[in-house]
Amino acid sequence: MSVTDAHEAATRAHHQEWARVVAALTRRFGDLDIAEEAAAEAFATAVERWPADGVPPNPGAWLTTTANRKAIDRIRRESKRDDKQREAQMLRDDDPPQPPGAIEDDRLRLIFTCCHPALALEARVALTLRLVGGLTVAEIARAFLVRETAMEQRITRAKAKIKANRVPYRVPSAEDLPVRVSGVLAALFLVFNEGYLATGSGTDPVRRELTAEAIRLTRLIRALMPRDGEVTGLLALMLLTEARRTARISADGELVTLGEQDRGAWDTALIAEGHHLVRERLATGERPGRYQILAAINAVHTDARDVRDTDWSQVVALYDQLARIDPSPIVVLNRAIAVAELDGPDVALAAIDRLDHKLAGYHAFHATRADLLRRLGRSGQSRAAYDRAIELAGNTAETAYLTRRRDQLG
Amino acid sequence: MQYLVSVIDDKSGSATEDEMTAIDAFNADVQAAGHWVFAGGLNAPSTATVIDNRGAETLFTDGPFLESKEYIAGFWIFEAPDLDVALKLAAGGSKACNRRVEVRPFFGE
């Protein structure tokens, strides 16, 4: 076997096995620090040894065994110093034995611990990417445009809080599950959105590594909780959004709006999978949550081979449904964009002008107004709205698009 | 494992009669469930005295050590196996006393 093959095998194993190894070690040793360190050491050993020794027949088992050994070595070293203290700080695991058929995967416990509601959302995101996703601290720091030392601190603080508070290492009870799952999904959606609409003037407009990681982790959660509607909804939403990624940014780095995208460049495999998931949820007849409705809206868009074929009344109906469970001004704003297609820009403008006091600091509010005013021939007001949107937008592709649109005004 | 649950208040004046009734009922439940360690309500921050005996003489200063709009009006100490249980208890406490609360773990035993 070539060195390249061995490295590829190690990379693949890292993708497939990292979370499983960390989760199993956390379960066994009750300590996130030990699990993370031992897993990292085991993977480093694999990279070192596999090219010479060959890839083991079961890489996952090899990694778990190696990591276990590393963890035990470390505990032996440290227990001579302070085993009482270590024991006191161990994470708790007083679950009764799981009934057969119940969720057995340790990775779920790991995800729920990383996304515990006592942690700030940004800490949940960082911990999840490190401990479940296996990204390095440097990679996470780069993705969120913070210094590596700051990211290291954020992760260390979060782990210390988990330990000091005895955050339990378990899947929440059925009663708490819906709320806790929504906390996990919120963290993953944030990772995805940061990848899809990256902020920062020196940044790529799309950060593929973040959207890909968010999808991978959501797939993992879906594999573990296949019957949770919102998990499936979020995965479908991500897939249908990701499908349009390449069509969304022009060759010169400008945002291309949904209406102007080359639909032939959309990823048909992702769209097919997304549509399949949306249909699967519809077939259950259960009342959909936020992510399922958003996925359905994206399914309507990706169903139209030409923007003129879009079923706008269906889009508006779905936004109405969404507004009933999430009456936020942003939902009203997005609904108005569909209303403009159905009833005309004047009706849409009247609807969003009522949001001025709530969304005055949100770039998309001004960008939408600017577009509606442009379509109504009110160039002066449109220009002012574009100016405000450009001022507030943080994404380079979006800024480029808005600037061109403004400069094209008569 | 013990958790300190501090009651955060921003108005002087103690709990209303309704709140006291709710707190008593909540306390009885906590005791029955075996989570009770201790609890107490505190007088206004203006009644506090700060003592500094680190130097040659003992210094007494009038008033709270920190002037702030919000202060601790009382607290519970709960015994709980983990944070999830402590958070549930704290949520019940917040509802009963009709105020925000903060949960903070003691050092593990």
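Reading the values: the criteria
- Residues numbered from 1 in each chain as written.
- Chains lettered and ligands numbered in written order.
- Predicted model: local features only at pLDDT ≥ 70, side-chain atom pairs only at ≥ 80, totals over all residues.
- Helix = DSSP H or I, 4+ residues; strand = E, 2+ residues; numbered from the N terminus.
- Contact = placed C-beta atoms within 7 Å.
- Domains from an automatic or database assignment.
- Nonpolar A, V, L, I, M, F, W, Y, C, P; charged D, E, K, R; others polar.
- Core = buried A, V, L, I, M, F, W, Y, C linked by C-beta atoms within 7 Å.
- Buried ≥ 20, exposed ≤ 12 C-beta atoms within 10 Å, placed from the backbone.
- Pairing = 2+ DSSP bridges.
- Axes fitted to C-alpha atoms, helices over the stretch in contact; angles between N-to-C directions.
- Expected span 1.5 Å × (residues − 1).
- Parallel < 35°, antiparallel > 145°, perpendicular 65-115°, else oblique.

1. Here we look at the overall build of chain B
Helix and strand counts for chain B stand at two helices and six strands. Seen through its C-alpha atoms, chain B measures out along the principal axes to roughly 50 × 35 × 20 Å. At a minimum sequence separation of 6, the contacts of chain B that also span at least 24 residues come to 75%.

2. Things to note about the domain arrangement of chain A
Where interface size is quoted, it is often the accessible area lost as the parts come together. All names here are of chain A. What the domain assignment lists for chain A is domain 1 (3-83) and domain 2 (105-196). Relative to domain 2, the C-alpha centre of domain 1 lies at a distance of 21 Å. If you look at the interface, domain 1 gives 12 residues, while domain 2 gives 10 residues. Among the elements that take part in the side of domain 1 that touches domain 2, helix H1 (residues 3-29) stands out by supplying nine residues, more than any other. Its residues assigned to classes, the side of domain 1 that touches domain 2 shows six nonpolar, two polar and four charged.

3. Re the nonpolar core
Residues and elements named next belong to chain A. Counting residues in hydrophobic clusters, the biggest one holds 129 residues, and the most contacted among them are Val 22, Leu 25 and Ala 39. Residue contributions to this core peak at 11 residues, all from H1. Composition of this core by domain shows at least three residues from each of domain 1 (3-83) and domain 2 (105-196). With residues near it in sequence (within four places) discarded, Val 22 still touches Ala 35, Glu 36, Ala 39, Leu 110 and Leu 131.

4. Description of the sheet that holds strand S2 (residues 36-41) of chain B
Residues and elements named next belong to chain B. Pairing within the open sheet is antiparallel, and its four strands lie in the order S2-S5-S1-S6. Two strands in the sheet have a free side with no partner beyond their single neighbour: S2 and strand S6 (100-105). The sheet shows a mean angle of 20 degrees between the axes of neighbouring strands, taken without regard to direction. With eight bridges joining them, strand S1 (residues 2-9) and strand S5 (residues 71-79) adopt antiparallel strand pairing. The partner of Ser 6 across the bridge, within S5, is Phe 75.

5. What about the pairing of strand S4 (residues 59-62) of chain B?
For a regular strand, the rule is simple: side chains alternate between the two faces of the sheet. Residue and element names in this part refer to chain B. In terms of strand pairing, strand S3 (residues 49-52) meets S4 through four bridges, oriented antiparallel. Residue Thr 49 lies in a different strand from S4, and its bridge partner there is Asp 62. Between S3 and the antiparallel strand that follows it, S4, lie six residues.

6. Things to note about helix H13 (residues 290-303) of chain A
Residue and element names in this part refer to chain A. Taking 1.5 Å as the rise per residue, H13 with 14 residues should run 20 Å; its terminal C-alpha atoms sit 20 Å apart, in good agreement. All of the buried residues along H13 are Tyr 291, Gln 292, Ile 293, Leu 294, Ala 295, Ala 296, Ile 297, Asn 298, Ala 299, His 301 and Thr 302. Summarising the contacts, the buried residues of H13 are in contact with helix H8 (177-196), helix H10 (229-242), helix H12 (268-284) and helix H14 (312-325).

7. Some details on unusual backbone geometry
Most peptide bonds take the trans configuration, and most residues that are not glycine carry a negative phi. Phi at Arg 166 of chain A is positive, roughly 55 degrees, even though this residue is not glycine. With respect to the element layout, Arg 166 of chain A can be found in the loop between helix H7 (148-165) and H8. We classify Arg 166 of chain A as buried; it has 23 C-beta atoms within 10 Å. Even without a glycine there, the phi angle at Asn 98 of chain B is positive, about 60 degrees. Note on placement: Asn 98 of chain B falls in the loop between helix H2 (83-97) and S6. Classification of Asn 98 of chain B as partly exposed rests on a count of 13 C-beta atoms within 10 Å.

8. Notes on helix H5 (residues 121-132) of chain A
Because an α-helix packs 3.6 residues into every turn, residues spaced three or four apart end up facing the same way. Residue and element names in this part refer to chain A. Taking 1.5 Å as the rise per residue, H5 with 12 residues should run 16 Å; its terminal C-alpha atoms sit 15 Å apart, in good agreement. Judged by how many residues are buried, H5 sits mostly within the fold: 10 of 12 residues are covered. Taken residue by residue, H5 has Ala 123, Arg 124, Val 125, Ala 126, Leu 127, Thr 128, Leu 129, Arg 130, Leu 131 and Val 132 as its buried positions.

9. Looking at the packing of H5 of chain A against H8 of chain A
Residues and elements named next belong to chain A. Two numbers describe how H5 lies on H8: the axes approach to 9 Å, and their chain directions differ by 80 degrees. As judged from the angle between their axes, H5 and H8 are roughly perpendicular. On H8, the residues that touch Leu 121, Arg 124, Val 125, Thr 128 and Leu 129 of H5 are Ala 186, Ala 187, Leu 190 and Val 191. Taken together, the residues of the contact of H5 with H8 sort by class into seven nonpolar, one polar and one charged.

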